[in-house]
Amino acid sequence: MSKRIAVLVSGNGSNLERLIELSRAGFIDGEISLVISSNEKAFALERAKRHSIPSRILHFNSRSCDAYSDVILQTIVDCEIDLIVLAGFLKILSGKIIERFRNRIINLHPSLIPSFCGKGMYGERLHRAVIESGVRITGATVHFVDGGTDTGPIILQEAVPVLCDDTVESLSGRVALVEHRLLPKAVSLFCKDRLTVRGKRVLITGGSYENSVVERL
Ligand code: GAR
């Protein structure tokens, strides 16, 4: 049965746009049923509206992370959601939602975890830290969310070279192109029930990943 997906956002929403496009094209066996934003100014809300997808604005309002996550959990349960996707969502989920949705919350991160991740590592600051560190390779990671920050089982990763003349803009632009393929691939695999978590490892089951439709993205 087609999965009901909620996408949580805080900003631009280019990854949300990709997910909508690919689910409507039949590449993902699921429907983007709800968009939740922590920020009323997020352009992602405009994208949801243009595609007639219901959206909610849930402000953090200086609550604890647990209390904020409980509000999100209630909304998710009310909307009968199967999968939560964090696509540029800049708040930390904690408490009951982590257990209730274990291995059913997917996060996208613009680096090769476990490098350049954790609290406060996002946006321009992250890509600047990558450039200043002198590493030759960065990338993107899609992983399941556990009780830590960017510590859950890794589903997919892809490397992006850091070029000598890279700026934050050029590097983040190339990482974004990879993210726009990697996140839909992971969501597609989840919706086909092809992801099995064993400890920290995620097994891709049910046929060769390389030969499957997800490789064509
Ligand atoms: C993406 O690069 C995503 O990896 C990052 O926010 C961006 C959202 O872009 N998320 C994090 O850094 C989370 N730690 P978008 O709003 O255009 O989809």
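Here, the structure is the one placed above.
Criteria and cut-off values
Residues numbered from 1 in each chain as written. Predicted model: local features only at pLDDT ≥ 70, side-chain atom pairs only at ≥ 80, totals over all residues. Heavy atoms only, no water. Near = heavy atom within 4 Å. Polar contact = N/O pair within 3.5 Å; in protein donor to acceptor, adjacent residues only side chain to side chain. 1 Å grid on protein atoms, 1.4 Å probe; cavity = no way out; pocket = protein on both sides within 12 Å on 5 of 7 lines; lining within 4 Å. Sits in = over half its atoms within 2 Å of the grid points. Helix = DSSP H or I, 4+ residues; strand = E, 2+ residues; numbered from the N terminus. Nonpolar A, V, L, I, M, F, W, Y, C, P; charged D, E, K, R; others polar. Buried < 20%, exposed > 50% of the residue type's maximum accessible area, 1.4 Å probe, protein only. Contact = heavy atoms within 4.5 Å. Pairing = 2+ DSSP bridges. Phe/Tyr/Trp six-rings, centres within 6.5 Å; stacked < 30°, edge-to-face > 60°. Lys NZ or Arg CZ within 6 Å of the ring centre and 35° of its normal. Points joined across faces, edges and corners; volume = space filled by probe spheres on them. Axes fitted to C-alpha atoms, helices over the stretch in contact; angles between N-to-C directions. Parallel < 35°, antiparallel > 145°, perpendicular 65-115°, else oblique. Left-handed = near helix turned anticlockwise from the far one by under 90°.

**A look at the site of the ligand**
Neighbouring residues of the ligand: Asn12, Gly13, Ser14, Asn15, Gly88, Leu108, His109, Pro110, Tyr122 and Glu179. One nitrogen or oxygen atom from the side chain of asparagine 12 is found 3.3 Å from an oxygen atom belonging to the ligand. Here an oxygen atom of the ligand sits 2.4 Å away from a polar atom, N or O, in the side chain of glutamate 179. Judged by the fraction of its atoms near the pocket grid, the ligand is located in the largest pocket. For the shell around the ligand, the elements supplying multiple residues, two or more each, are α1 (14-24) and β5 (105-109). Among the residues forming the shell around the ligand, the class breakdown is 3 nonpolar, 6 polar and 1 charged.

**With respect to the side chain of histidine 180**
Structurally, the position occupied by histidine 180 is in helix α6 (residues 168-191). Accessibility expressed as a relative area gives 17% for histidine 180, which makes it buried. Here histidine 180 is in contact with Ser14, Asn15 and Arg18, once residues within four sequence places are set aside.

**Quick notes on the pairing of strand β6 (residues 137-144)**
Burial analysis of β6 places 7 of its 8 residues in the buried class, the great majority of the element. Pairing of β5 with β6 involves 4 bridges; the strand directions are antiparallel. Paired with leucine 108 across the strands is valine 142, a residue of β6. Relative to strand β7 (residues 154-161), β6 is paired through 7 bridges, and the arrangement is antiparallel. In the sheet register, alanine 140 faces β7, and the bridge partner there is glutamate 158.

**What about the packing of aromatic side chains?**
In this structure the tally under the stated criterion is 3 aromatic pairs. Aromatic pair phenylalanine 144 and phenylalanine 190: ring centres 6.5 Å apart, planes at 65°, arrangement edge-to-face. Residue phenylalanine 144 is located in strand β6, and its partner phenylalanine 190 is located in helix α6; the two are separated by 46 residues in the primary sequence. The class of phenylalanine 190 is buried, set by a relative accessible area of 10%. Grouping aromatic residues by their ring pairs yields a cluster made of Phe60, Tyr68 and Phe89. Note that lysine 91 overlies the ring of phenylalanine 60, its terminal NZ or CZ placed 5.0 Å from the centroid. Taking the ring centre of phenylalanine 101 as reference, the NZ or CZ of arginine 104 above it sits at 4.1 Å.

**Focus: the layout of surface pockets**
Approximately 1,000 Å³ is the volume found for the largest pocket. Lining the largest pocket are 40 residues, with Gly88, Phe89, Leu90, Pro110 and Tyr122 sitting closest to its centre. With 6 residues, α6 is the largest single contributor of residues to the lining of the largest pocket. Classifying every residue of the lining of the largest pocket by side-chain character gives 17 nonpolar, 17 polar and 6 charged.

**Topic: unusual backbone geometry**
Excluding glycine, residues mostly carry a negative phi; peptide bonds, for their part, are mostly trans. The step from isoleucine 113 to proline 114 runs through a cis peptide bond, and the omega angle for that step is 15°. Inspection of the secondary structure puts proline 114 in the loop between β5 and α5 (123-133). Positive phi values are uncommon outside glycine, yet aspartate 150 reaches one of about 65°. Checked against the element boundaries, aspartate 150 lands in the loop between β6 and β7. Residue class for aspartate 150 comes out buried when judged on its relative accessible area of 11%.

**Section: the packing of α1 against α6**
Axis separation between α1 and α6 bottoms out at 9 Å; the angle between their running directions is 50°. Viewed along their axes, α1 and α6 adopt a mutual orientation that is oblique. Helix-helix and strand crossings are classified by hand; for α1 and α6 the assignment is right-handed. On α6, the residues that touch Ser14, Asn15, Arg18, Leu19 and Leu22 of α1 are Glu179, His180, Arg181, Leu183, Pro184 and Val187. Of the residues assigned to the contact of α1 with α6, the class counts are 5 nonpolar, 3 polar and 3 charged.

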